[in-house]
Amino acid sequence: MIQYKPVLPIFYNKSTLELAQNLLGCVLVKETEEGVASGYIVETEAYMGPDDQAAHSFGNRRTKRTEVMFDQAGTVYTYTMHTHTLVNVVCAGVGIPHAILIRAVEPLDGQELMGVRRSGRPKKEWTNGPGKLTKALGIKMDDYGKHFMKPPLMICEGWPTDILTIQAGPRIGIDNSGEARDYPWRFYVADNPFISK
DNA sequence: ATCTCGATTCCCT
DNA sequence: GGGAATCGAGATT
């Protein structure tokens, strides 16, 4: 049984781009009645609220869905896209609607459960995409608005960051977002086999 | 009340 | 590499 240590609240207290990189190597843990499933975060994307055309909170757009983006750093922002649930880490200060999308993880705990949830597909395809990893880990809209500090959904200490080679590039799936399309706000662990396409 | 379109995935060619 | 699936949030009427 792996002992999970949630990262301290102060961990979230840094700039969005910095946090997006620091999240790499951390472990995303989800507890459900079926069991615990977890994975190392290997790919993230930063969305910078007011000035980022690709963000749901562009221009400080505040709706029922984006409401939690204005909450404190470390809050869970889930939303549904094409029937898939995507999970984000809210960051920056209260009132500043930034968030970081978790795009891929490397399976750690509960692999049998993940295999079942992913319909017996090859392990490589369990968590190599933002909608896939939520299904494998059992993350749902129920987690919306909670905090990553407490169960059932947590971000815990994982790999030491200094062993990782981090690469950056443009974000994915936002071609209709004007200039923001080209910002290099996607971060991923070099050569990791679970990076999304 | 209705319309549009997507921070995706899967299957098919 | 391309297109359908599929549904709800947000915008419009």
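The text that follows walks through the structure, step by step, so that each part is easy to find. (Residues numbered from 1 in each chain as written. Chains lettered and ligands numbered in written order. Predicted model: local features only at pLDDT ≥ 70, side-chain atom pairs only at ≥ 80, totals over all residues. Heavy atoms only, no water.)

Attention shifts here to the protein's contact with DNA strand B. Neighbouring residues of DNA strand B: 21 residues in total, closest Y79, N88, R118, G131 and G173. Of all atoms in DNA strand B that approach within 4 Å of the protein, 60% are sugar or phosphate atoms. Taking A54, its main chain carries an N or O atom lying 3.5 Å from a base nitrogen of DNA strand B. Separating a phosphate oxygen of DNA strand B from a side-chain N or O atom of R118 is a distance of 2.9 Å. Of all the elements in the fold, those that place two or more residues in the surface near DNA strand B are strand 3 (76-81), strand 4 (84-91), strand 5 (98-107) and helix 3 (130-137). Here the surface near DNA strand B is built from residues that sort into nine nonpolar, eight polar and four charged. (Near = heavy atom within 4 Å. Polar contact = N/O pair within 3.5 Å; in protein donor to acceptor, adjacent residues only side chain to side chain. Helix = DSSP H or I, 4+ residues; strand = E, 2+ residues; numbered from the N terminus. Nonpolar A, V, L, I, M, F, W, Y, C, P; charged D, E, K, R; others polar.)

Counted residue by residue, strand 2 (residues 35-48) has twelve buried out of 14 residues, so it is predominantly covered. Pairing analysis gives six bridges linking strand 1 (residues 27-32) to strand 2, with the strands arranged antiparallel. Its bridge partner lying in strand 2, V27 is registered against Y40. What sits between strand 1 and strand 2 in their antiparallel hairpin is a turn of two residues. Relative to strand 5, strand 2 is paired through nine bridges, and the arrangement is antiparallel. Paired with G39 across the strands is P107, a residue of strand 5. (Buried < 20%, exposed > 50% of the residue type's maximum accessible area, 1.4 Å probe, protein only. Pairing = 2+ DSSP bridges.)

Turning next to the packing of aromatic side chains. Tallied over the entire structure, the rule returns five aromatic pairs. Arranged with centres 4.0 Å apart and planes meeting at 10°, the rings of Y40 and W159 form a pair that is stacked. In this pair, Y40 is assigned in strand 2 and W159 in the loop between strand 6 (153-156) and strand 7 (166-169), connecting sequence segments 119 residues apart. For W159, a relative accessible area of 22% gives the class partly exposed. Both rings, one in Y77 and one in Y144, keep their centres 6.3 Å apart while their planes meet at 65°; by these two values the pair is edge-to-face. (Phe/Tyr/Trp six-rings, centres within 6.5 Å; stacked < 30°, edge-to-face > 60°.)

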